[in-house]
Amino acid sequence: MGVAGETWNWLTTGSHWSGGDGVWHRLAEHLQLTVACLFISCALALPPAVLLGHTGRGGALAVNISNAGRAVPTFAVLVLLTLSPLGEYGPWPTVLALVLFAIPPLLTNAYVGMREVDRDVVEAARGMGMSGRQVMGRVELPLALPMIMTGVRSAAVQVVATVSIAAMVGGGGLGRIITAGFRLTYTAQVVAGAVLVAALALLVEGLFAALERLLARSRRRGGARTAVPRESADVQPVAG
């Protein structure tokens, strides 16, 4: 039996899915880490990116600095954080390393999305008497939402795939299945763990893609509903 057959046997064995070292438990740990890292990354990256995109000041520098951080290997950052005093606080080195890894796509896409909003639309909103905060919240942010969601989707997929490295420093997640397979020199288990991580990343990608389509459909419906009152408001003065 080849590696593919042994991997299939491993994945279809019920005992590998239950217990403290089973797939379901490791999957729960993986998702908990992913959600925590993504939530913290969004909270840190999106507000300043939206504000910088609205003002147009300092945003390019912030994006370049955050993108430069991509050159630093996440695993190297994780090891250094684990060896630091922060390593005494459980999963926090892993969380911090993955947050730093997820910020660049979030910051870049949110800033670019805000800057790519049609300036004529922005000026028209200001001409209607909207304040800067109203323009940002009611005009720029809704129009930039597709690009922002693309950044969130990219960060989510990257984090899901990278959480596996937490196992190399004793953390949880599906990566523990892979490291256990290496320790046992059991190739089928290593491949099975990699397949589970890849399948989860593809699932997250699909869920975010479906969410983006749903938001786009809702936005089109909202635009269609608001188009009628505008037309009637334009026609009434002429009829009078």
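Residues numbered from 1 in each chain as written. Predicted model: local features only at pLDDT ≥ 70, side-chain atom pairs only at ≥ 80, totals over all residues. Heavy atoms only, no water.

Colleague: Which residues make up helix H6 (residues 119-127), and what values go with them?
Modeller: Among the residues of H6, the N-terminal cap falls to Asp118, whose side-chain oxygen and the backbone nitrogen of Asp120 are separated by 2.9 Å. Backbone geometry just after H6 places Gly129 at a positive phi near 95°. (Polar contact = N/O pair within 3.5 Å; in protein donor to acceptor, adjacent residues only side chain to side chain. Helix = DSSP H or I, 4+ residues; strand = E, 2+ residues; numbered from the N terminus.)

Colleague: Tell me about the pattern of salt bridges, and name the residues and values.
Modeller: Pairing between side chains of opposite charge can happen when their charged atoms approach one another. Summed over all chains, the structure comprises six salt bridges. Across the pair Arg126 and Glu123 runs a salt bridge, and its minimum N-O distance is 3.3 Å. Taken as a pair, Arg126 and Glu123 lie in helix H6 at a separation of three residues, close to a single helical turn. Judged by relative accessible area, which is 45%, Glu123 ranks as partly exposed. (Salt bridge = Lys/Arg side-chain N within 4 Å of Asp/Glu carboxyl O. Buried < 20%, exposed > 50% of the residue type's maximum accessible area, 1.4 Å probe, protein only.)

Colleague: How would you explain the packing of helix H2 (residues 23-55) against helix H7 (residues 132-162) if you had to name every residue and give the values?
Modeller: Put simply, H2 and H7 touch, their axes get as near as 10 Å, and they point 145° apart. As for the relative orientation of H2 and H7, their crossing is right-handed in sense. Note on element contacts: H7 touches H2 through Gly132, Met136, Glu140, Leu141, Ile148, Val152, Ala155, Ala156, Val159 and Val160, opposite His30, Thr34, Cys37, Leu38, Cys42, Leu46, Val50, Leu51 and His54. Looking at the contact of H2 with H7 residue by residue, the classes come out as 14 nonpolar, four polar and one charged. (Axes fitted to C-alpha atoms, helices over the stretch in contact; angles between N-to-C directions. Left-handed = near helix turned anticlockwise from the far one by under 90°. Contact = heavy atoms within 4.5 Å. Nonpolar A, V, L, I, M, F, W, Y, C, P; charged D, E, K, R; others polar.)

Colleague: Outline the packing of aromatic side chains, supporting the account with residue identities and numerical values.
Modeller: Applying the stated criterion across every chain, the model contains one aromatic pair. Ring geometry for Trp17 and Trp24: centres 5.1 Å apart, planes at 55°, overall tilted. Given a relative accessible area of 22%, Trp17 falls into the partly exposed group. (Phe/Tyr/Trp six-rings, centres within 6.5 Å; stacked < 30°, edge-to-face > 60°.)

Colleague: For the side chain of Thr108, give the residues involved together with the corresponding values.
Modeller: With respect to the helices and strands, Thr108 occurs in helix H5 (residues 92-115). Residues in contact with Thr108, not counting those within four places in the same chain, are Val63, Ser66 and Asn67.

Colleague: For the side chain of Glu212, give the residues involved together with the corresponding values.
Modeller: You can see Glu212 is positioned in helix H9 (residues 187-239). Classification of Glu212 as buried rests on a relative accessible area of 18%. At a separation of 3.4 Å, a polar atom in the side chain of Glu212 contacts the side chain of Arg153. Residue contacts for Glu212: discarding those within four places in its chain leaves Met149, Thr150 and Arg153.

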